[in-house]
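Residue-level structure breakdown
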Amino acid sequence: MKIMNEIKYEAALKQLQEIVERLESGQMDIDALGKEIKNAQALIKMCKEKLTKTEEEINAIIS
Amino acid sequence: MSTFAAVLIFDDDNKQLSLSEANSMVRAAVESVLPDAMWVQAELMDIREKGHCYMELVEKDDSGNTPIAQARACCWNNTWREVKGKWEQMMGETLMERGMKMLFLLKANFHEAYGFSWTVLDIDPTYTIGEMAKNRKEIIKKLKEAGIYDMQRELPVSPFAKRIAIVSSPSAAGYEDFCRQLEDNDYGFAFETTLFPATMQGENIEGSIIAALNAINEELEKYDVVVIIRGGGSGADLSGFDTLALAENVANFPLPIITGIGHDRDETVIDAIACVSLKTPTAVAAFLIDNLAATLEKLANSAVRITRAVERRLETEKIKIEGLGKQLTSSVAMYFLKQKHTLQMMEQRVGAADPINILRRGYTMAIHNGKAVKDATLLQKGDRLTLIAAKGEREVTVER
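Description of the structure in this document.

1. Focus: the overall build of chain B
A tally of helices and strands in chain B yields 10 helices and 14 strands. A total of 400 residues make up chain B; the buried ones form 23% of that total. If you take every contact in chain B between residues at least 6 apart in sequence, the share linking residues at least 24 apart comes to 65%.

Written out as structure tokens, the structure reads:
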């Protein structure tokens with residue numbers, strides 16, 4: 001389960017990286033831009049939640 | 001007086017003598033020629049005590065087999081009591097017995113009816129002591145020459161010795177004491193004893209102990225140690241233990257032999273060569289119990305040491321694990337910090353790319369055909385644009 005999360009997290013991070021690179025290239029048309037930013041924000045939110053949840057779980061295990 | 005006999009014979013040559021007359025002449029001759037007592041070395045060949053003490057003395061040739069002189073000797077009641085008292089005082093339990101080399105004060109005696117015999121006036125026990133010591137020394141020398149003198153003492157007594165082969169007389173008090181003491185030991189050790197009966201006094205000591213050792217030798221794997229024991233105060237002498245054949249058998253025996261043959265004077269040859277030599281059966285039992293007790297203590301100490309070693313090891317591992325735990329906590333914290341930082345960076349970069357953040361500073365964005373207007377000179381009169389501000393948007397037309 002944790003491994004699944006990890007992979008998903010890693011994949012989300014990679015996706016995020018790609019979006020950021022596209023955003024920064026300045027080549028994007030404006031409709032796509034909005035959509036990409038929304039995607040990026042959703043990914044960031046998801047990653048933060050996963051990270052927080054995992055951190056809590058791990059702290060519960062090792063403390 | 002020596003002329004007296006000659007006179008009897010030669011004065012009257014026609015007369016035939018009666019045996020008693022002839023014998024009395026022999027008696028007169030003996031008494032005249034040997035009037036004084038003298039010290040004589042001889043081996044005791046036989047001895048019988050009936051108030052008076054009757055002995056048979058012998059001297060053998062160098063081979064020790066053929067008598068070259070033999071004579072009767074008698075010690076009269078009164079003298080015998082004194083002689084015997086002196087002997088016992090010096091020799092303890094060692095009785096006069098056949099084969100013993102002794103020094104006698106003898107006076108020649110010829111009786112018409114009983115013939116020749118020596119009258120014993122005294123016996124010097126110190127001579128016998130010397131002879132016995134000499135005999136022991138000779139045996140020990142032979143054992144050393146054969147290279148077997150130290151063999152028994154080089155055998156280790158097993159630290160777990162509990163199967164005991166006993167060579168003893170079953171009727172001896174020392175045997176019972178020994179068994180009882182082993183059974184009643186304070187530690188509850190279960191000794192297994194097997195008796196190999198042997199005569200522990202008199203002339204049969206050598207033969208019967210050797211027979212017992214041979215019987216044990218047939219089943220060596222059943223025993224850890226052999227004990228030869230004999231109760232003290234039995235009155236038997238120890239010279240039977242001082243024979244070469246017995247000494248060789250003891251020296252060559254493959255199991256360790258412990259002696260406790262009950263004496264407190266000179267040790268015997270087998271005491272000298274036995275693996276362990278103790279004075280009494282009681283001392284032998286105590287030795288065997290102490291031997292196991294020492295092993296028990298060693299094992300107990302080992303148990304304590306093992307426990308301590310394990311405890312120390314566990315403590316070390318605990319410290320190690322605690323260290324690793326701390327390391328884990330901090331590396332986990334580090335990991336999450338790094339991840340959070342990465343996300344934060346992403347967030348900032350996404351934010352920077354979002355045009356809304358520029359519009360909020362008062363800029364507006366013109367969109368033509370779905371694309372941001374980057375070059376206003378390309379627009380023509382009448383083009384419809386969407387104007388986007390930080391808040392809201394409007395359709396506008398290019399006028400000039």
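2. Points about the overall build of chain A
In terms of regular secondary structure, chain A is built from 2 helices and 0 strands. Expressed as a percentage of its 63 residues, the buried residues of chain A come to 13%.

3. Notes on the nonpolar core
Residue and element names in this part refer to chain B. V167, V226 and V227 are the most contacted members of the largest nonpolar core, which has 47 residues in total. Non-local contacts of V167, meaning those with residues more than four positions away in its chain, are made with F196, A198, I209, A212, L213, V226, V227 and I228. Ranked by size, the runner-up nonpolar core spans 14 residues in total, among them A42, M55, M102 and W118.

4. Quick notes on the packing of helix α5 (residues 173–183) of chain B against helix α9 (residues 281–353) of chain B
Residues and elements named next belong to chain B. As a packed pair, α5 and α9 sit with axes 8 Å apart at the nearest point and diverge in direction by 20°. In terms of their interaxial angle, α5 and α9 are classed as roughly parallel. For the pair α5 and α9, the crossing hand works out as right-handed. Side by side, α5 and α9 meet where G174, Y175, D177, F178, Q181 and L182 of the first sit next to P281, T282, V284, A285 and L288 of the second. Looking at side-chain class alone, the contact of α5 with α9 contains 7 nonpolar, 3 polar and 1 charged residues.

5. Topic: the interface of chain A and chain B
Facing the 18 residues of chain A at the interface are 19 residues of chain B. Listed by contribution, the elements that provide at least two residues to the side of chain A that touches chain B are α1 (2–25) and α2 (30–62) of chain A. Of the residues contributing to the side of chain A that touches chain B, the split by class is 12 nonpolar, 1 polar and 5 charged.

6. Overview of the pairing of strand β11 (residues 365–368) of chain B
All names here are of chain B. With 3 bridges connecting them, β11 and strand β13 (residues 384–388) associate as antiparallel partners. Pairing of A366 across the sheet is with L387, part of β13. With antiparallel pairing between neighbouring strands as the criterion, β11 and strand β12 (residues 371–372) make up a hairpin whose turn holds 2 residues, including N369 at a positive phi of roughly 55°.

7. Overview of the environment of A376 of chain B
Within the secondary structure, A376 of chain B sits in the loop between β12 and β13. For A376 of chain B and A366 of chain B, which are 10 residues apart along the polypeptide, the C-alpha to C-alpha distance reads 9.5 Å.

8. Topic: the pairing of strand β6 (residues 163–168) of chain B
Where a strand is regular, its side chains alternate between the two sheet faces. All names here are of chain B. Within β6, 5 of the 6 residues are buried, which leaves it mostly tucked inside the rest of the structure. Here 6 bridges tie β6 to strand β7 (residues 192–197), and the two strands are oriented parallel to one another. Within β7, the residue paired with I164 across the bridge is T193. You can see the chain leave β6, run along α5 and come back into β7, and the turn it takes is right-handed.

Conventions we followed
- Residues numbered from 1 in each chain as written.
- Chains lettered and ligands numbered in written order.
- Predicted model: local features only at pLDDT ≥ 70, side-chain atom pairs only at ≥ 80, totals over all residues.
- Helix = DSSP H or I, 4+ residues; strand = E, 2+ residues; numbered from the N terminus.
- Buried ≥ 20, exposed ≤ 12 C-beta atoms within 10 Å, placed from the backbone.
- Contact = placed C-beta atoms within 7 Å.
- Core = buried A, V, L, I, M, F, W, Y, C linked by C-beta atoms within 7 Å.
- Axes fitted to C-alpha atoms, helices over the stretch in contact; angles between N-to-C directions.
- Parallel < 35°, antiparallel > 145°, perpendicular 65-115°, else oblique.
- Left-handed = near helix turned anticlockwise from the far one by under 90°.
- Nonpolar A, V, L, I, M, F, W, Y, C, P; charged D, E, K, R; others polar.
- Pairing = 2+ DSSP bridges.
- Right-handed = clockwise from strand over helix to strand, strands pointing away.

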